[in-house]
Amino acid sequence: MRRWLAVLLAGSVAWAAGGRYPDVVTSDRDGIWVFRGGERGDYAGGVFHFIGTRVEPWHICVADLNGDGLPDLVSSNRLGPSVSVFLNKGGAFDGPFNYFGGGTPYAAAAGDFDSDGDLDLAVANPEANGSLVLLENQGGGTFTQMAVLAPGSGTYAVECADVDANGVADLLVVNADSEDLVVLLGDGAGGFVESGRYATERNPKSLAVGRFNGDALPDVAVVNCDSSTVSSYINAGGGAFRFAGSHPVVAQPRHAVARDLDGDGRDDLVVACGRGSEVVAVLFGLGDGRFTPAELYYTGPRPNAVAVADADADGRPDIFAANWSLDAEQFACVSLLGNAGGRSFAKRLDFKPAAGFSKVTFVAAGYFTAPLFLRGDANGDGRVNLSDAVKILYYVFGLAQIACAGAADANDDGAVDVADPIYVLEYLFGAGPPPPPPFPRPGPDPTPDNLMCR
């Protein structure tokens, strides 16, 4: 599968992998916050990354922009006007690296538009004539402007998906003023051509890509703010869509994600119900592009965005909601709704920085702060040698502790046992193969397992 598609699927959801706990990133008035996940699940503290005074980040895109296997962050700063790139260094972020993304950047999506192996960016701007700014990745997560498209009027949101299943990144946008969903098929060389335009309901603000009818083609749900609905469209193949249904929610919904919440193989919808509400709506997929009536769950005042992740590593996806609160800043927070099993959710906790949020409008979840280690380096001295084989043996027989079980798993089979020191010895003295990645340089563990690092 192409790397851009895998990154996009991971960008808006993070399922618990081998006992790991997802991290959370949110927007704030002057920058973004990164909260590290942990076994207590309280998301205390948080690290703030300043962008600029009152730039108002509205959306955060998660994607591996420099190809190192770590998810990076892209903040769309509607009053910047800029997009800010933060490059993940495995526990910390470098940045912001700021780029012009149009007059009012509201959202960004990542995809390999020119087939060079790097993820490029598409930035949506709800300007009077509508604009979609394409930024070309120059390698290593640096960008220059590639093109400016005009897909409609009031372009608030963009998503990337391989709509026509030809292995090339395509784009989907919604226009609030012209009230339509537009499909732009990529040519693999940085160009796009419109393949369809579909009427939405009133004032569409965002869209979610998922699998609603059981086939492999990406379908789309559009969040219609002034209609208080979510409309779904089924992929008919060849870049075409057909309307499947309109689904009432409440208040003025602003954002949605599409994920399988109940494990039935069909994507469901979680909707932030926005202004005038204190709830998120959950709609379960019926398998034909339609959804069950909305089930409402209390979060906090004015939830503006949602994310889905397995916060407690129990194998069930939970819901995060960014409660904007508008002018009542003292109530702004992120709510975590735990999955109680089956099709039920219950509010577990609220969290925010120690000094509170000035303006939280977006939330995303993922494994942003993965520890770095060197495979086989059980004693953490930066080398793989005989002392590591001895250290692993002591650990296996209960005579010593190690800080990083993943590093001690020299053969990367998901367990630390006698086979691991033998693997190290064969590598050092018996012409055996080198340890699997991360090796010969430290990096994040590319293999989900139950082995943790401290």
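Residues numbered from 1 in each chain as written. Predicted model: local features only at pLDDT ≥ 70, side-chain atom pairs only at ≥ 80, totals over all residues. Heavy atoms only, no water.

Engineer: Help me understand the overall build of the chain in this model?
Structural biologist: Scanning the chain for helices and strands turns up four helices and 29 strands. Judged by the C-alpha coordinates and their principal axes, the chain covers about 70 × 45 × 45 Å. Counting the 454 residues in the chain, one finds 58% classified as buried. Counted over contacts in the chain with a minimum sequence separation of 6, partners at least 24 positions apart contribute 49%. Here the chain displays about 16700 Å² of accessible surface, and carbon together with sulfur accounts for 53% of that area. (Helix = DSSP H or I, 4+ residues; strand = E, 2+ residues; numbered from the N terminus. Buried < 20%, exposed > 50% of the residue type's maximum accessible area, 1.4 Å probe, protein only. Contact = heavy atoms within 4.5 Å. Areas by Shrake-Rupley, 256 points an atom, 1.4 Å probe, with all protein chains shown as cover.)

Engineer: In this structure, what is going on with the sheet that holds strand β21 (residues 255–259)? I would like to understand it.
Structural biologist: Remark on secondary structure: sheet strands pair via backbone hydrogen bonds, oriented parallel or antiparallel. Here four strands make up an open sheet; going across it, the order is β21-β22-β23-β24 and the pairing antiparallel. Of all the strands in the sheet, just β21 and β24 (295–298) have a single pairing partner and so form its edges. Neighbour to neighbour, the strand axes of the sheet diverge by 20 degrees on average, direction disregarded. With four bridges connecting them, strand β23 (residues 279–283) and β24 associate as antiparallel partners. For Ala 281, the partnering residue across the bridge sits in β24 and is Leu 296. (Pairing = 2+ DSSP bridges. Axes fitted to C-alpha atoms, helices over the stretch in contact; angles between N-to-C directions.)

Engineer: Would you mind going over unusual backbone geometry with me for this structure?
Structural biologist: Across residues other than glycine, the phi torsion is negative in most instances, and most of the peptide bonds are trans. Of note, the amide linkage connecting Pro 437 to Pro 438 takes the cis form, showing an omega dihedral of 5 degrees. Here Pro 438 lies in the segment after α4 (419–429). With an omega of 5 degrees, the peptide bond running from Phe 439 to Pro 440 counts as cis. Mapping Pro 440 onto the fold places it in the segment after α4.

Engineer: I'm lost on the pattern of salt bridges in this one. Help?
Structural biologist: A pair can form between side chains of opposite charge whenever their charged atoms are brought close. Taken as a whole and assessed by the stated rule, the structure comprises 16 salt bridges. Salt-bridge contacts for Asp 264 lead to Arg 343; the nearest nitrogen and oxygen are separated by 3.9 Å. Placement of the pair is Asp 264 in the loop between β21 and β22 (268–272) and Arg 343 in the loop between β27 (333–339) and β28 (345–351), with a sequence separation of 79 residues. Asp 264 sits in the partly exposed class, given a relative accessible area of 30%. Between Asp 288 and Arg 290 there is a salt bridge, and its shortest N-O distance comes to 2.7 Å. (Salt bridge = Lys/Arg side-chain N within 4 Å of Asp/Glu carboxyl O.)

Engineer: Before we go on, may I ask you to explain the confidence of the model for the chain in this structure?
Structural biologist: When pLDDT drops low, the exact placement of atoms in the prediction is not to be read closely. Scored by pLDDT, the chain has a mean of 91; 94% of the residues are at 70 or more. Scored below 50 in pLDDT, residues 1–19 shows 59 contacts in the model against residues more than four places distant or in partner chains. (pLDDT = per-residue confidence, 0-100.)

Engineer: Please clarify how the sheet that holds strand β2 (residues 23–27) should be interpreted in this entry.
Structural biologist: Reading across the sheet, the four strands line up as β4-β3-β2-β29 and stay open at both edges, with antiparallel pairing between neighbours. Either end of the sheet is taken by a strand with one partner, and the two such strands are β4 (47–50) and β29 (363–366). Pairwise comparison of adjacent strand axes, ignoring direction, gives a mean angle of 20 degrees for this sheet. Across four bridges, β2 lies against strand β3 (residues 31–35) in antiparallel orientation. Bridge pairing in β3 places Thr 26 opposite Trp 33.

Engineer: For this particular structure, what's the right way to read the pairing of β3?
Structural biologist: In regular strands, side chains alternate between the two faces of the sheet. Summarising burial for β3: five of the five residues are buried, a large majority. Between the antiparallel neighbours β2 and β3 lie three residues. Pairing of β3 with β4 involves four bridges; the strand directions are antiparallel. Considered in β4, the bridge of Ile 32 is made with His 49.

Engineer: Would you mind going over the environment of Arg 36 with me for this structure?
Structural biologist: Summarising the element assignment, Arg 36 is placed in the loop between β3 and β4. When its relative accessible area of 49% is taken as the criterion, Arg 36 is described as partly exposed. Along the sequence, Arg 36 and Gly 46 sit ten residues apart, while their C-alpha atoms lie 6.8 Å from each other.

Engineer: Help me understand the state of the cysteines in this model?
Structural biologist: In this structure the tally under the stated criterion is zero disulfides. Cysteine Cys 61 is unpaired, with the sulfur of Cys 160 as its nearest cysteine sulfur at 9.3 Å. (Disulfide = S-S within 2.5 Å.)

Engineer: How do you make sense of the packing of aromatic side chains when you look at a structure like this?
Structural biologist: The relation between two aromatic rings is expressed through the spacing of the ring centres and the mutual angle of the planes. Scanning the model with the defined rule gives 17 aromatic pairs in all. An aromatic cluster is defined as three or more aromatic residues linked by ring pairs; in this entry it consists of Trp 33, Phe 35, Tyr 43, Phe 48, Phe 320, Phe 351 and Phe 357. Sitting over the ring of Tyr 156, Lys 205 keeps its end group 3.6 Å from the ring centre. When the ring centre of Phe 284 is taken as reference, the NZ or CZ atom of Arg 343 above it lies at 4.4 Å. (Phe/Tyr/Trp six-rings, centres within 6.5 Å; stacked < 30°, edge-to-face > 60°. Lys NZ or Arg CZ within 6 Å of the ring centre and 35° of its normal.)

Engineer: In this structure, what is going on with α4? I would like to understand it.
Structural biologist: Side chains three or four residues apart in an α-helix point the same way, a direct result of the helix having 3.6 residues per turn. Within the sequence span of α4, burial applies to Asp 420, Pro 421, Tyr 423 and Val 424. For α4, the arc enclosing every buried residue in end-on projection is 155 degrees, short of the 170-degree limit, so these residues lie on one face. Just beyond α4, the residue with positive phi is Ala 431, at close to 60 degrees. (Arc of directions from axis to C-beta.)

Engineer: Whenever I open this one, the packing of helix α2 (residues 386–396) against α4 confuses me. Can you help?
Structural biologist: Each pair of packed helices gets described by two things: the angle between the helix axes and the distance between those axes. Running from amino to carboxyl end, α2 crosses α4 at an angle of 170 degrees, the nearest separation of the two axes being 8 Å. In terms of orientation, α2 and α4 fall into the roughly antiparallel class. Residues Leu 386, Ala 389, Ile 392 and Leu 393 of α2 lie in contact with α4, whose contacting residues are Asp 420, Pro 421, Val 424, Leu 425, Leu 428 and Phe 429. By residue class, the composition of the contact of α2 with α4 is nine nonpolar, no polar and one charged. (Parallel < 35°, antiparallel > 145°, perpendicular 65-115°, else oblique. Nonpolar A, V, L, I, M, F, W, Y, C, P; charged D, E, K, R; others polar.)

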